[in-house]
Amino acid sequence: QVQLVESGGGLVQAGGSLRLSCDFSGDAFSMYAMNWYRQAPGKEREFVAQIRPTGESTKFRDSVKGRFTISRDNRDNTAYLQMNSLKPEDTAVYYCNAEGVTTYTVGGNYWGQGIQVTVSP
């Protein structure tokens, strides 16, 4: 059974930085794409960033390109979201997601409990 635990959220002023971590417990971390999503109050959950299983490619929503980076450490079973130049509109609950994308993990889709990120003006 896969479990995901996010950490690193909090309150920061606009222009500041935070790094979110997602600790993965379970089998075959290196066979999952790792995603970050976020949900602001009154809004739908939205995709933020993805990193493929071996880190060979990443993608981002347009509004965070150039400000956010995503990385992973397959030895420590952890994914990261580095958020720089934060804006008040980045305020949301951020969720870590593990998406099974290999033959061994296909169909697996796991979520963390979410962590609050608040950016003050």
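Above this text sits the structure in question.
Peer 1: Give a detailed account of the environment of Val119, specifying residues and quantitative values.
Peer 2: As for its placement among the helices and strands, Val119 is situated in strand E11 (residues 115-120). Take Val119: its relative accessible area is 5%, and that puts it in the buried class. When the C-alpha atoms of Val119 and Asn77 are compared, they prove to be 28 Å apart, with 42 residues separating the residues in sequence. In contact with Val119, other than residues within four places in its own chain, are Val12, Gln13, Ala14, Leu86, Lys87, Pro88, Asp90 and Thr91.

Peer 1: Report on the pairing of strand E4 (residues 32-39), specifying residues and quantitative values.
Peer 2: Within E4, 6 of the 8 residues are buried, which leaves the element mostly enclosed by the surrounding structure. Looking at chain direction, E4 and strand E9 (residues 92-100) are connected through 8 bridges and run antiparallel. Each bridged residue has a counterpart across the sheet, and for Arg38 the counterpart in E9 is Tyr94. Pairing between E4 and strand E5 (residues 46-51): 5 bridges, direction antiparallel. Across the sheet, residue Met34 finds its bridge partner in E5, namely Ile51.

Peer 1: Explain unusual backbone geometry to me, using residue names and the numbers behind them.
Peer 2: Even without a glycine there, the phi angle at Ala28 is positive, about 65°. Despite not being glycine, Ser85 shows a phi value in the positive range, around 50°. With respect to the secondary-structure elements, Ser85 resides in the loop between strand E8 (78-83) and E9.

Peer 1: I'd like to hear about the side chain of Arg67, residue by residue, with values.
Peer 2: The residue Arg67 is located in the loop between strand E6 (58-60) and strand E7 (68-73) in this model. On the basis of relative accessible area, Arg67 is assigned to the buried category, the value being 11%. Among residues more than four places away in sequence, those in contact with Arg67 are Gln82, Met83, Asn84, Ser85, Leu86, Lys87 and Asp90.

Peer 1: Would you mind going over the nonpolar core in detail, with residue names and values included?
Peer 2: Met34, Trp36, Phe68, Leu81, Met83 and Tyr94 are the most contacted members of the largest nonpolar core, which has 31 residues in total. Elements with a minimum of two residues in this core: strand E3 (18-25), E4, E5, E7, E8, E9 and E11.

Peer 1: Explain the sheet that holds E8 residue by residue, including any values.
Peer 2: Ordered by their spatial adjacency, 4 strands build an open sheet running E1-E3-E8-E7, and the pairing between neighbours is antiparallel. Taken across any chain shown, the strands that pair with only one partner, and hence form the sheet edges, are strand E1 (3-7) and E7. Sheet twist, expressed as the average angle between the axes of neighbouring strands with direction ignored, equals 15°. Bridge analysis of E3 against E8 gives 6 bridges, and the strand direction is antiparallel. Pairing of Leu20 across the sheet is with Leu81, part of E8.

Peer 1: Now, about the state of the cysteines: what can you tell me, with residues and values included?
Peer 2: Going through the model one piece at a time under the given rule, you end up with 1 disulfide. Put simply, Cys22 and Cys96 are joined by a disulfide, and their sulfur atoms are 2.0 Å apart. An S-S torsion of about -80° defines the bridge between Cys22 and Cys96 as left-handed. Within this pair, whereas Cys22 is found in strand E3, its partner Cys96 is found in strand E9, the two being separated by 74 residues in sequence. A relative accessible area of 0% places Cys96 in the buried class.

Reading guide: rules and limits
- Numbers given for residues are sequential positions, taken from 1 along each chain in its written order.
- Owing to the predicted nature of the model, reporting of local features is limited to residues with pLDDT of at least 70; listing and counting of side-chain atom pairs is limited to 80 or more, with chain, interface and lining totals taken over all residues.
- Just so you know, side-chain values use all the structure's heavy atoms and leave hydrogens and water out.
- Helix numbers and strand numbers start at the N terminus; a helix is a DSSP run of H or I with at least 4 residues, a strand a run of E with at least 2.
- Only protein chains enter the accessibility calculation, which uses a 1.4 Å probe; a residue whose area is less than 20% of its type maximum is buried, one above 50% is exposed, and one in between is partly exposed.
- In what follows, residue pairs with any heavy atoms lying within 4.5 Å of each other are defined as contacts.
- For two strands to pair, DSSP has to find at least two bridges joining them.
- The nonpolar core is taken to be a set of buried Ala, Val, Leu, Ile, Met, Phe, Trp, Tyr and Cys residues, with the residues joined through side-chain atoms within 4.5 Å.
- To obtain an axis, a line is fitted to C-alpha atoms, over the contacting stretch when the element is a helix, and the angle between two such axes runs from 0 to 180 degrees between their N-to-C directions.
- Any two cysteine sulfur atoms within 2.5 Å of one another count as a disulfide.

As far as function goes, none of this settles anything; it's purely spatial.
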